[in-house]
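Each chain is listed here by its residues.
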Protein chains: 2
Amino acid sequence: MEFKVMHEDGESRARIGEIQTEHGKITTPVFMPVGTKATVKAILPEQLKEIGAQIILGNTYHLYLQPGPKLIEEFGGLHKFMNWDGPILTDSGGFQVFSLGIGMAEGLGKMTNYFPGEDTRTEVQKYVPKKKLAKIDDDGVTFYSHIDHSRHRFTPESSIKIQEQLGADIILAFDECTSYSADHAYTKNALARTHSWAKRCIAAHCTKQALFGIIQGGTFKDLREESAEFISKLPFDGLCIGGSLGRTKKEMHDLLDWTVPMLPKDKPRHLLGIAGFDDLLECTERGMDMFDCVSPTRNARSGLVYISPESGGSRQNKWRFRIQNTPFRNDHKPIDPACDCYVCRNYSRAYIHHLFRANELLAYNLTSYHNLYFMHRFVDSIRESIKDGSFLELKKFWLS
Amino acid sequence: MEFKVMHEDGESRARIGEIQTEHGKITTPVFMPVGTKATVKAILPEQLKEIGAQIILGNTYHLYLQPGPKLIEEFGGLHKFMNWDGPILTDSGGFQVFSLGIGMAEGLGKMTNYFPGEDTRTEVQKYVPKKKLAKIDDDGVTFYSHIDHSRHRFTPESSIKIQEQLGADIILAFDECTSYSADHAYTKNALARTHSWAKRCIAAHCTKQALFGIIQGGTFKDLREESAEFISKLPFDGLCIGGSLGRTKKEMHDLLDWTVPMLPKDKPRHLLGIAGFDDLLECTERGMDMFDCVSPTRNARSGLVYISPESGGSRQNKWRFRIQNTPFRNDHKPIDPACDCYVCRNYSRAYIHHLFRANELLAYNLTSYHNLYFMHRFVDSIRESIKDGSFLELKKFWLS
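These figures come from a predicted structure and were not determined experimentally. (Residues numbered from 1 in each chain as written. Chains lettered and ligands numbered in written order. Predicted model: local features only at pLDDT ≥ 70, side-chain atom pairs only at ≥ 80, totals over all residues. Heavy atoms only, no water.)

Next up on the list: unusual backbone geometry. Of note, the amide linkage connecting Thr 28 of chain A to Pro 29 of chain A takes the cis form, showing an omega dihedral of 0°. Examined against the element boundaries, Pro 29 of chain A turns out to sit in the loop between strand 3 (24–28) and strand 4 (30–33). Geometrically, the link from Gln 66 of chain B to Pro 67 of chain B is a cis peptide bond, its omega value of 10° lying close to zero. Relative to the helices and strands, Pro 67 of chain B is located in the loop between helix 2 (60–65) and helix 3 (69–74). Positioned with a positive phi, Asn 83 of chain A is a non-glycine residue whose angle comes to about 65°. The topology assignment puts Asn 83 of chain A in the loop between helix 4 (78–82) and strand 6 (88–90). For Asn 83 of chain A, a relative accessible area of 19% gives the class buried. In this structure, Trp 319 of chain A takes a positive phi of about 55° despite not being glycine. (Helix = DSSP H or I, 4+ residues; strand = E, 2+ residues; numbered from the N terminus. Buried < 20%, exposed > 50% of the residue type's maximum accessible area, 1.4 Å probe, protein only.)

Here it is in structure tokens:
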């Protein structure tokens, strides 16, 4: 893998870069759709190409359990197995072990309450766990499958081995993903493990796949700085910022302001699991290059479809509306009149409203297509604005 | 609508015909995918084009309840609403009133136990109905929605009116679809109603849409003959054979042997709701031109995928296998090695097995695509064999 910065914004840390992989070129900033179990939910690989997806993400934890890395290896890797010939990144399994193990035991879900301080719908629940699904020690993690409760173990070495079998272009180091409820002492210990595991991942790594390191340290400035320095010095091909990013978006922004300036300029930087429209703007501004999130497809399946500021999208409505709602029953307009995607060119809100009300499977394909297309054009516009010097204007247009 | 017979088989009643509609030409014998609620389940209209679907069927009963014919009319009809610009046929709602009303009350489903004498899986259940969902009188049918139990009424006039609002190219007369459990006396009465309704449908019909009449009469030779004669004499554009087609396929074949010779040669003949591979061969041989059935897509969604005789398909296994079964977990072959569809060219049995096991939505699209493609190539081969005089050979190849 090769990376070069092509253009830097004069007024912020935003930049345009190019990653060259064996399966093609990626221009950053980039958003990558998530294909957890060897499929981007409800979407055909051909549709991903049409949408302009440059790279997709697969989840090691899920693929390890189902259908298993050996089977995928026998098929020549994830690309051939799932019929996607573009670049792929796999995570290390560390995050899922957290969210399905420790996180679940504490009643915390990174994904459901990513920024708990800003979650107006639900209070974080405290409860006594029925069963703790994962147990971390200094050598690795023992966990129980969420499918059949069978017992498994990941170590840095086994995570790398599995990711080699899956055959993605970019693979991630195995890390301990701490919760925002962890205190300084626990997070410091966990960070020491993550750093020791990072070195073990590099030692175990023996393919041409690019290997990215992960910076942890929770919301503690000293730990994040320590981690940024430590991980940056290791011979990784790229750097991820992972783990708990705070209780509010403000905390995440602070965390990036501490960390990113410490990172080498010549390596791509991936912010793991974050991709709201505001996040992409705020975090690109702070120097991040790569983003992934299940939100476009997950929102789509629940009927939440994206609209642009031109069509009434705003920070307040999170640039989306719920297509099943009664006002759209007879609405002849496309999902977003300002969108030129296949779905908006061919279907009305009323038709998609009908598909949801009638529980028709096509609903999930059409809305996932629109949301992914919308997100990709949004990131295109970010790149264009960096190129022509109007990035902060674009940000203002979306966030005002 | 225009119809002409292009070619007749020398050794059977099989024939090739052409139907000209405002939305394009249909070459018969034809199989039409069912798009009950304004969507062929899990399939994009573009995929239907790719597959070579010539016409699709929509269900008046379902569309009337959801989203309602007025809404579809406001959108310029079903074609525009669902983004399908090819020919469409809508049924009259009569069959659904039967299967969701009387049929349900008697514990009979036309679709689930179409040929009860041959159903080895389930015995026809006799039970006391909780609520009878439909009540037939000489003027029409009062029924209760299966969605919200609201009360509705169909008459011949309202069925025609609704189908005009839906705007299909071919619409059907409103009929009473009797069950195989109905006796001669009941069926005779119902037939008189169906005939009187046929005349009322013709009187009410005032668009350019083609209107097809429906021959009923259960499994009673005298009644089927009476109906064939009566319906044939009315100025319909085509003729359907509907209702209970017997307890065994032998009974259905007898019924066609009685009826079809009485029908005019210059009108297309549609066998409603029947389309097994053996049925298409047997009934084309007996002079039928048009077929529809939910089976390719319904089978697909439950993991039953079609295979050709070349790949081991036979009457015994119904030319299909269940892709979720363990032997296919690691199977590198496509669903059918003899099939050249998009799915068979790009995906392994193992991948599709994985999608089903992992409850991934893409499973439904890929298997529905394969089954519909397979069915369309099968009907193509029937047409070709009629053209080159090898129809009975083709039949033998499939059924031996």
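Residues and elements named next belong to chain B. The buried fraction of strand 11 (residues 210–215) amounts to 6 of the 6 residues, a majority that puts the element mostly inside the structure. Burial along strand 11 is two-sided: the face carrying Ala 210, Phe 212 and Ile 214 and the face carrying Leu 211, Gly 213 and Ile 215 are both buried. Sheet topology places strand 10 (residues 170–172) next to strand 11; 3 bridges connect them, and they run parallel. Among the inter-strand pairings, Leu 172 is bridged to a residue of strand 11, identified as Phe 212. Of the strand pairs in this sheet, strand 11 and strand 12 (residues 238–241) are connected by 4 bridges, and their pairing is parallel. For Gly 213, the partnering residue across the bridge sits in strand 12 and is Leu 239. At this point the chain moves from strand 11, through helix 8 (residues 221–233), to the parallel strand 12, and the crossover so formed is right-handed. (Pairing = 2+ DSSP bridges. Right-handed = clockwise from strand over helix to strand, strands pointing away.)

Here we take up the pattern of salt bridges. Residues and elements named next belong to chain A. With the rule as written, the count across this model stands at 52 salt bridges over all chains. Between Asp 257 and Arg 286 there is a salt bridge, with the nearest N and O atoms lying 3.2 Å from each other. Highlighted residues: Asp 257 in helix 9 (residues 249–259) and Arg 286 in the loop between helix 10 (277–285) and strand 14 (290–293), separated in sequence by 29 residues. Asp 257 sits in the partly exposed class, given a relative accessible area of 34%. On the accessibility criterion, Arg 286 (15% relative accessible area) is buried. Salt bridges linked by common partners bring Asp 137, Asp 139, Arg 153, Glu 157 and Arg 200 together as one network. (Salt bridge = Lys/Arg side-chain N within 4 Å of Asp/Glu carboxyl O.)

A few words now on the domain arrangement of chain A. All names here are of chain A. The domains assigned to chain A are domain 1 (2–91 + 155–293) and domain 2 (303–393). If you average the C-alpha positions of domain 1 and of domain 2, the two centres end up 27 Å apart. Taken together, the contact between domain 1 and domain 2 spans 31 residues of the former and 24 residues of the latter. Where domain 1 abuts domain 2, roughly 2,400 Å² becomes buried across the two surfaces, and 72% of that area is made up of carbon and sulfur atoms. The three residues of domain 1 that bury the most area against domain 2 are Phe 31, Ile 51 and Phe 277, which together make up 30% of that side's buried surface. Summed over the shared surface of domain 1 and domain 2, the number is 0 salt bridges. For the pair domain 1 and domain 2, the interface holds 6 residue pairs in polar contact (both at pLDDT 80 or more). Only strand 2 (15–21), strand 3, strand 4, helix 1 (45–51) and helix 10 provide two or more residues apiece to the side of domain 1 that touches domain 2. At 6 residues, helix 10 tops the list of elements feeding residues into the side of domain 1 that touches domain 2. (Domains from an automatic or database assignment. Contact = heavy atoms within 4.5 Å. Buried area = accessible area lost by both parts, 1.4 Å probe. Polar contact = N/O pair within 3.5 Å; in protein donor to acceptor, adjacent residues only side chain to side chain.)

Our focus in this paragraph is helix 6 (residues 156–166) of chain B. Residues and elements named next belong to chain B. Where burial is concerned, most of helix 6 is hidden: 8 out of the 11 residues are buried. Within the sequence span of helix 6, burial applies to Pro 156, Ser 159, Ile 160, Ile 162, Gln 163, Glu 164, Gln 165 and Leu 166. A positive phi of about 80° marks Gly 167, the residue just after helix 6.

So, about the relation of the copies chain B and chain A. Each copy superposes on the other: chain B lies on chain A with an RMSD of 0.0 Å after a rotation of 180° and an axial shift of 0.0 Å. Each copy turns onto its partner about a two-fold axis. Residue Leu 361 of chain B, judged by its C-alpha, is the member of chain B lying nearest the rotation axis, at 4.0 Å. (Least-squares fit on C-alpha atoms with pLDDT ≥ 70 in both.)

The next subject is the sheet that holds strand 9 (residues 151–154) of chain A. Residues and elements named next belong to chain A. Here 3 strands make up an open sheet; going across it, the order is 7-8-9 and the pairing antiparallel. A strand with exactly one partner marks an edge of an open sheet, and here the two such strands are strand 7 (134–136) and strand 9. For this sheet the average axis-to-axis angle between neighbouring strands, irrespective of direction, equals 20°. Bridge analysis of strand 7 against strand 8 (residues 141–144) gives 3 bridges, and the strand direction is antiparallel. The partner of Ala 134 across the bridge, within strand 8, is Phe 143. (Axes fitted to C-alpha atoms, helices over the stretch in contact; angles between N-to-C directions.)

Before going further, it helps to examine the interface of chain B and chain A. If you look at the interface, chain B gives 39 residues, while chain A gives 39 residues. Interface area, chain B with chain A, both sides summed: about 3,300 Å², of which 57% is carbon and sulfur. Area buried by chain B at its contact with chain A is led by His 354, Glu 360 and Leu 361 of chain B, which between them contribute 17% of it. Along the contact surface separating chain B from chain A lie 4 salt bridges. Notably, a salt bridge pairs Lys 41 of chain A with Glu 360 of chain B, separated by 2.6 Å at the nearest N-O pair. Where chain B meets chain A, there are 18 residue pairs in polar contact (both at pLDDT 80 or more). Elements represented by at least two residues in the side of chain B that touches chain A include exactly helix 1 (45–51), helix 3, helix 4 (78–82), helix 12 (342–346), helix 13 (349–357) and helix 14 (362–387) of chain B. If you tally residues by element for the side of chain B that touches chain A, the top one is helix 13 of chain B, at 5 residues. In terms of residue class, the side of chain B that touches chain A is made up of 20 nonpolar, 10 polar and 9 charged. (Nonpolar A, V, L, I, M, F, W, Y, C, P; charged D, E, K, R; others polar.)

Our focus in this paragraph is a negative patch on the surface. Residues and elements named next belong to chain A. Together, Glu 11, Glu 384, Asp 388 and Glu 393 line one region of the surface with negative charge. Position of Glu 393 relative to the elements: it lies in helix 15 (residues 391–399). Among the residues examined, Glu 393 registers a relative accessible area of 60% and is labelled exposed. (Patch = residues over 30% accessible without salt bridge, like charges linked within 9 Å, V, L, I, M, F, W, Y side chains within 5 Å. Areas by Shrake-Rupley, 256 points an atom, 1.4 Å probe, with all protein chains shown as cover. Lys, Arg positive; Asp, Glu negative; His and termini not counted. Charge placed at Lys NZ, Arg CZ, Asp CG, Glu CD.)

A few words now on the packing of aromatic side chains. In the structure shown here, the tally under the stated rule is 46 aromatic pairs over all chains. On the basis of an interplanar angle of 25° and a centroid distance of 5.4 Å, the ring pair of Phe 277 of chain B and Trp 398 of chain B is categorised as stacked. One end of the pair, Phe 277 of chain B, is in helix 10 (residues 277–285); the other, Trp 398 of chain B, is in helix 15 (residues 391–399), and 121 residues separate them in sequence. Residue classification places Phe 277 of chain B among the buried residues on the basis of a relative accessible area of 4%. Residue Trp 398 of chain B is classed as buried on the basis of its relative accessible area of 7%. Relative to Tyr 364 of chain B, the ring of Phe 356 of chain B lies with its centre 5.8 Å away and its plane at 90°, an arrangement referred to as edge-to-face. Judged by its relative accessible area of 9%, Phe 356 of chain B falls in the buried class. Grouping aromatic residues by their ring pairs yields a cluster made of Phe 75 and Phe 81 of chain A together with Tyr 342, Tyr 347, Tyr 351, Tyr 369 and Tyr 373 of chain B. (Phe/Tyr/Trp six-rings, centres within 6.5 Å; stacked < 30°, edge-to-face > 60°.)

Another aspect to go through is the sheet that holds strand 10 (residues 170–172) of chain A. Residues and elements named next belong to chain A. Spatial ordering of the open sheet is given by 4-14-13-12-11-10-6-5, a layout of 8 strands whose pairing is parallel. The open sheet is flanked by strand 4 and strand 5 (56–58), the only strands paired with a single partner. Direction aside, neighbouring strands of the sheet carry axes that sit 25° apart on average.

Okay, the nonpolar core next. Leu 271 and Leu 366 of chain A together with Ile 241, Leu 271 and Leu 366 of chain B are the most contacted members of the largest nonpolar core, which totals 196 residues. The residues touching Leu 271 of chain B, leaving out its near neighbours within four places in the chain, are Ile 241, Leu 245, Met 252, Leu 256, Cys 283, Met 288, Met 290, Phe 291 and Asp 292 of chain B. (Core = buried A, V, L, I, M, F, W, Y, C linked by side-chain atoms within 4.5 Å.)

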